[in-house]
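Observations on the three-dimensional arrangement
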Amino acid sequence: MDFRTQITIKTQEHNQIDYASKIVLFGSCFSKNISQKLAHFRFQHFANPFGILFHPNAIEANITNAINKKIYTENDLFFYNERWHCFEAHSSLSDTSKESLLNHLNTAITTTHQQLENASHILITLGTAWVYRFVESDTIVANCHKIPQKQFLKELRSVEEIKENLQAIIEMIRSINKKTSIIFTVSPVRHLKDGFIENTQSKSHLISAVHQVVEPRKRSHYFPSYEIVLDDLRDYRFYKEDMIHPNQTAIDYIWQQFSTIWISESAQRTMQEVTVIQKGLSHRPFNKNSEQYRTFLINLEKKMETLQKEFPFIDFSQTN
């Protein structure tokens, strides 16, 4: 008997990810989970330069700004609760120093432009179709920065509006990088603060819009992380204690599915070597002065040197 409705996903035949690939990630907190996996296996990647972005409007705005090389000025900032903020960035970038925040934003613009130009794969995770419009300026913000909600209007973006966001994202990226593969996915994290019914509306709008723009023959794709959690891992044992966010088991399973589809066989063999080294680096011996442990460290060093000769960018001195 089979007690699961397992999703069957066709393996990507062309332009798979390998250790020569350069991967750029934008989007909701789920993109952070994937970037942590890429970091663990020492892939070349660049994630969320403007912090977590939950909705398509914010992602489009940041990609457009980066491609157009926007220069941030103090007019783009505001001071609230003793910190400087930008409505186009997540609060993780906010700073007590106006100059520091401006420097961070403009550095992110320059670096993101370069990364988009050179990216082999761009992974975009959509979190919600709900947005907040700042009444004073009549603009949709990426983050409210804990400003009182009465200063915002909450809106549900239509399927057509989201479709326009995604088409603009694709066109902007293609204007500087015609060869990159763009992978869209919808975050399995439920935004229950919006309400159960409202969350379903939101996710359905995102999924409908994505499927109207993806075209594998034109290197735009959909990866079903939302469906994997909601239909395959349909059990609360795959969630954290808040019953909203996928737990580590679920994240590992989604990564396994993503790897099977998108990561080449040669790269998966390298990932196994990286795993051996990572386990070795985290090993804590009973006796650091033993001959056995010294031999272990010599062998581990040889493994790292061999791998780094093939992939000079891999750096095991960096923590995940």
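In what follows, the accompanying structure is described. Note that the structure is predicted; figures quoted are calculated from it, not measured.

Below, the discussion takes up the overall build of the protein chain. The number of helices and strands found in the protein chain is nine helices and ten strands. On C-alpha atoms alone, the protein chain measures out to a radius of gyration of 21 Å, which is about the 20 Å that the 2.2 N^0.38 rule sets for 320 residues. Taken over the C-alpha atoms alone, the protein chain extends approximately 70 × 60 × 40 Å along its principal axes. By the burial criterion, 50% of the 320 residues in the protein chain qualify as buried. Put simply, 70% of the contacts in the protein chain that link residues at least 6 apart link residues at least 24 apart. For the protein chain, the accessible area works out to roughly 17100 Å², and carbon and sulfur atoms hold 50% of it.

We now examine the packing of helix α2 (residues 56-67) against helix α3 (residues 98-118). Relative to each other, α2 and α3 sit at 90°, their axes nearing to 8 Å. The angle between α2 and α3 places the two elements in the roughly perpendicular class. Contacts between α2 and α3 pair I63, N65, A66 and I67 from the former with I109, T112, H113 and L116 from the latter. Residue composition of the contact of α2 with α3, by class: five nonpolar, three polar and no charged.

Bringing the side chain of N143 into the picture now. Along the chain, the position of N143 falls in the loop between β7 (139-141) and β8 (152-156). Look at N143 and you get buried, because its relative accessible area is 13%. At a separation of 2.8 Å, a polar atom in the side chain of N143 contacts the main-chain amide nitrogen of H145. Apart from residues no more than four positions distant in its own chain, N143 is found in contact with F87, A89, H90 and S91.

Right, let's get into the nonpolar core. Residues Y19, F43 and W255 are the most contacted members of the largest nonpolar core, which totals 35 residues. Broken down by element, this core gets its largest block of residues, seven residues, from helix α7 (residues 248-262). Ignoring any residue separated from it by four or fewer positions in sequence, one finds W255 in contact with I34, K37, L38, F41, I263 and M271.

Here strand β1 (residues 22-27) runs beside strand β2 (residues 44-47); their pairing, made up of four bridges, is parallel. The residue of β2 that forms the bridge with L25 is A47. Assessed by its sense of winding, the connection that carries the chain from β1 through helix α1 (residues 29-40) to β2 is right-handed.

A few words on helix α8 (residues 265-282). Over its 18 residues, α8 runs 26 Å from end to end, which matches the ideal 26 Å to within 8%, given 1.5 Å per residue. Buried residues of α8: A267, T270, M271, V274, I277, Q278 and G280, and no others. Buried positions along α8 lie against α1, α7 and α9 (291-310).

Time to look at the environment of I23. Among the structural elements, I23 can be located in strand β1. Of the residues examined, I23 reaches a relative accessible area of 3% and is grouped as buried. A C-alpha to C-alpha distance of 9.0 Å links I23 and L116, two positions 93 residues apart in sequence. The residues touching I23, leaving out its near neighbours within four places in the chain, are I17, L38, F43, Q44, H45, F46 and H121.

Calculation notes
- Residues numbered from 1 in each chain as written.
- Predicted model: local features only at pLDDT ≥ 70, side-chain atom pairs only at ≥ 80, totals over all residues.
- Heavy atoms only, no water.
- Helix = DSSP H or I, 4+ residues; strand = E, 2+ residues; numbered from the N terminus.
- Rg over C-alpha atoms; globule rule 2.2 N^0.38 Å.
- Buried < 20%, exposed > 50% of the residue type's maximum accessible area, 1.4 Å probe, protein only.
- Contact = heavy atoms within 4.5 Å.
- Areas by Shrake-Rupley, 256 points an atom, 1.4 Å probe, with all protein chains shown as cover.
- Axes fitted to C-alpha atoms, helices over the stretch in contact; angles between N-to-C directions.
- Parallel < 35°, antiparallel > 145°, perpendicular 65-115°, else oblique.
- Nonpolar A, V, L, I, M, F, W, Y, C, P; charged D, E, K, R; others polar.
- Polar contact = N/O pair within 3.5 Å; in protein donor to acceptor, adjacent residues only side chain to side chain.
- Core = buried A, V, L, I, M, F, W, Y, C linked by side-chain atoms within 4.5 Å.
- Pairing = 2+ DSSP bridges.
- Right-handed = clockwise from strand over helix to strand, strands pointing away.
- Expected span 1.5 Å × (residues − 1).

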